[in-house]
Amino acid sequence: MTEQQEVQPSAAATVADNNKPAPGTTGSKKGSSGTVLGGIAILLALGLAGGLYVHGHQNAVAQQAELVALKQQLAGAMTRIDQGSSKDAEQIGALGKSQQQLQEALDALQTKVLDLDDKRPNDWMLAESEYLVRMAGRKLWLEHDIVSAITLLGNADERIKALNDPSLMPIRKALAEDIAKLKGMPRVDREGLTLKLAALSDQIELLPLSTVSMPEAKSEPDQTVSTNPDEWQSNLKKNWVKFTENFITIRRRDGAVEALLSPQQEIFLRENLKTKLLQAQLAVYREQQSLYVDSLEKAQRWLTQYFDADNSATQYMQSELDKLKGEQIQFDYPDQFKTQTMLEQVLTERLQRILAGN
């Protein structure tokens, strides 16, 4: 028994010794794992460094390209500036030459004008006469002002007379004919006509309207009852009439009765009448004969139709409108003056002779 117990502990110890790891084997495993991790770290560092290098190289290339493009743009801008400066210099030079040429031409023109003034000083008076004739034409054709046109033609004749040039006698003769033609035309006192029409317009408010005139009623037959018994039928009829006349009274009148105008219609009537007289005033200044006569005729019709024809104020206005209606306000004016063409021809000939040096 004792031997068996001693043998068993030794066997257990042997088994325990077999289960323990060897010291050399554990150390070798730890060294190999550290080497792997170090290699991986080195590879990662190399990859990161390579990526950074590639990225930096690309940025450097892009910046270099941008720098080259900016240099090219700057060079182009400098070239354009140089070209613009040269063009500006050329333009300034051309403008300077043009200014010099204009100044020379102006000096030559001033010299020529002074020379002309010394040679023919009276030609300016002839040109002034031509201007006065043109102004007379404008007064006549645009404003129909005969008086002013005659005055301007007379002033032109005075200028030509002061020249004391026998060669201008045909022009003076033509001027005399033009003046005589204008003086022979009928004159219209436009201001007087318009003032008369305005005065009549102010009197419209005082005109009385026509009143209603009722025709006289027919006389009633005699209704007295007779005492003669033989006239009983007539007496019966008369008594019946007397009995019924207290109920209904009938009186017969023959003739048309004009209705009265309302106050508003009366206002419109008077204002329309004033408007017609105002149209006649405008027609006087515009020389519209048909409009002038038509306006006065309508005014007369309204006076006859709506106003009291027996009133003295109405009769006076009718007579004045008759007189005004007979006025002639439209005329045929000459198309041109004979003097105008002759003066232009003489001035052109003299100017050509002067410029030619004769």
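Rules behind the numbers
- Residues numbered from 1 in each chain as written.
- Predicted model: local features only at pLDDT ≥ 70, side-chain atom pairs only at ≥ 80, totals over all residues.
- Heavy atoms only, no water.
- Helix = DSSP H or I, 4+ residues; strand = E, 2+ residues; numbered from the N terminus.
- Buried < 20%, exposed > 50% of the residue type's maximum accessible area, 1.4 Å probe, protein only.
- Areas by Shrake-Rupley, 256 points an atom, 1.4 Å probe, with all protein chains shown as cover.
- Expected span 1.5 Å × (residues − 1).
- Contact = heavy atoms within 4.5 Å.
- Core = buried A, V, L, I, M, F, W, Y, C linked by side-chain atoms within 4.5 Å.
- Domains from an automatic or database assignment.
- Salt bridge = Lys/Arg side-chain N within 4 Å of Asp/Glu carboxyl O.
- Patch = residues over 30% accessible without salt bridge, like charges linked within 9 Å, V, L, I, M, F, W, Y side chains within 5 Å.
- Arc of directions from axis to C-beta.
- Polar contact = N/O pair within 3.5 Å; in protein donor to acceptor, adjacent residues only side chain to side chain.
- Axes fitted to C-alpha atoms, helices over the stretch in contact; angles between N-to-C directions.
- Parallel < 35°, antiparallel > 145°, perpendicular 65-115°, else oblique.
- Left-handed = near helix turned anticlockwise from the far one by under 90°.
- Nonpolar A, V, L, I, M, F, W, Y, C, P; charged D, E, K, R; others polar.
- Lys, Arg positive; Asp, Glu negative; His and termini not counted.

By the naming in an unreviewed UniProt entry, the protein chain is Uroporphyrinogen-III C-methyltransferase, taken from Aeromonas caviae.

Engineer: So what's going on with the overall build of the protein chain? Which residues, and what values?
Structural biologist: Scanning the protein chain from terminus to terminus reveals 11 helices and 0 strands. Burial statistics for the protein chain: of 358 residues in total, 21% are counted as buried. Put simply, the protein chain shows about 26,100 Å² of open surface, and 57% of that area lies on carbon and sulfur atoms.

Engineer: Break down helix 3 (residues 123-143) for me, with residues and values.
Structural biologist: When the terminal C-alpha atoms of helix 3 are compared, their 30 Å separation across 21 residues agrees well with the 30 Å that a helix rising 1.5 Å per residue should span. The complete set of buried residues in helix 3 reads Asp123, Leu126, Ser129, Glu130, Leu132, Val133, Ala136, Gly137 and Leu140. Buried residues in helix 3 make contact with helix 4 (146-163), helix 5 (169-183) and helix 11 (338-356). Histidine 144, located one to two residues past helix 3, shows a positive phi value of around 55°.

Engineer: Describe in detail the side chain of serine 201, supporting the description with residues and values.
Structural biologist: You can see serine 201 is positioned in helix 6 (residues 190-202). Beyond its immediate stretch of four places on either side in the chain, serine 201 contacts Lys274 and Leu277.

Engineer: Could you give an account of unusual backbone geometry, naming the residues involved and the relevant values?
Structural biologist: You will see that histidine 144, though not glycine, has its phi angle at about 55°, which is positive. Structurally, histidine 144 is set in the loop between helix 3 and helix 4. Its identity as a non-glycine residue notwithstanding, asparagine 164 has a phi of 55°, on the positive side. Look at asparagine 164 and you get exposed, because its relative accessible area is 68%.

Engineer: Go over the nonpolar core with me, naming the residues and quoting the values.
Structural biologist: Grouped together as the largest cluster of nonpolar side chains are 45 residues, with contacts concentrated most on Leu153, Leu182, Leu277, Tyr292, Leu296 and Leu321. Those elements that provide at least two residues to this core are helix 3, helix 4, helix 5, helix 6, helix 8 (263-286), helix 9 (289-306), helix 10 (312-325) and helix 11. For this core, the two domains that each supply at least three residues are domain 1 (69-188 + 334-356) and domain 2 (189-209 + 262-332). Each residue touching tyrosine 292, except ones within four places of it in the same chain, is listed here: Leu193, Leu197, Ala280, Ala283, Val284, Leu324, Lys325, Glu327 and Ile329.

Engineer: Tell me about the pattern of salt bridges, residues and numbers included.
Structural biologist: For the coordinates displayed, the defined rule picks out 12 salt bridges. A salt bridge links glutamate 128 to arginine 159, with the shortest nitrogen-to-oxygen separation between them at 3.2 Å. Taken together, the residues span a long stretch of sequence, with glutamate 128 in helix 3 and arginine 159 in helix 4 at a distance of 31 residues. Glutamate 266 is the salt-bridge partner of arginine 270, the closest N and O atoms lying 3.0 Å from each other. Here arginine 270 pairs with glutamate 266, and both are found in helix 8, just 4 residues apart, close to one helical turn. The buried category is assigned to arginine 270, whose relative accessible area is 7%.

Engineer: Could you give an account of a nonpolar patch on the surface, with specific residues and numbers?
Structural biologist: Judged by side-chain polarity, Val36, Leu37, Ile40 and Leu44 come together as a nonpolar surface patch covering roughly 420 Å² of accessible area. Along the chain, isoleucine 40 falls in helix 2 (residues 23-119). Judged by relative accessible area, which is 43%, isoleucine 40 ranks as partly exposed.

Engineer: Give a detailed account of helix 4, specifying residues and quantitative values.
Structural biologist: Under the 1.5 Å per step criterion, the end-to-end length of helix 4 is 26 Å for 18 residues, consistent within 8% with the ideal 26 Å. All buried positions along helix 4 are accounted for by Ile146, Ala149, Ile150, Leu152, Leu153, Ala156, Asp157, Ile160 and Leu163. With its buried residues spanning 165° around the axis, helix 4 presents them on a single face. Its buried side turned inward, helix 4 meets helix 3, helix 5 and helix 11. The opening residue of helix 4, the one whose side-chain oxygen lies 3.5 Å from the backbone nitrogen of valine 147, is aspartate 145. Phi turns positive, to about 55°, at asparagine 164, one or two residues after helix 4.

Engineer: Any chance you could break down the environment of leucine 296 for me, citing the residues and the numbers?
Structural biologist: Looking at the secondary structure, you find leucine 296 in helix 9. You can call leucine 296 buried: its relative accessible area is 0%. Along the primary structure leucine 296 and lysine 276 are separated by 20 residues, whereas in three dimensions their C-alpha atoms are 6.9 Å apart. Beyond its immediate sequence surroundings of up to four residues, leucine 296 is in contact with Leu197, Leu277, Ala280, Leu321, Leu324 and Lys325.

Engineer: Hey, could you go over the packing of helix 9 against helix 10 for me, with residue numbers and the actual values?
Structural biologist: Contact pair helix 9 / helix 10: the axes reach a minimum separation of 10 Å and the direction vectors enclose 160°. Here helix 9 lies roughly antiparallel to helix 10, going by the angle between them. For helix 9 against helix 10, the interelement crossing comes out left-handed. Between helix 9 and helix 10, the residues in contact are Tyr292, Val293, Leu296, Glu297, Ala299, Gln300, Leu303 and Thr304 and Thr314, Met317, Gln318, Leu321, Asp322, Leu324 and Lys325, respectively. Among the residues making up the contact of helix 9 with helix 10, the classes are represented as 8 nonpolar, 4 polar and 3 charged.

Engineer: Lay out the side chain of aspartate 178 in plain terms, naming residues and giving numbers.
Structural biologist: Relative to the elements of secondary structure, aspartate 178 occurs in helix 5. For the buried aspartate 178, no salt bridge is present, and the opposite-charge side chain at shortest range is lysine 181, 5.1 Å distant.

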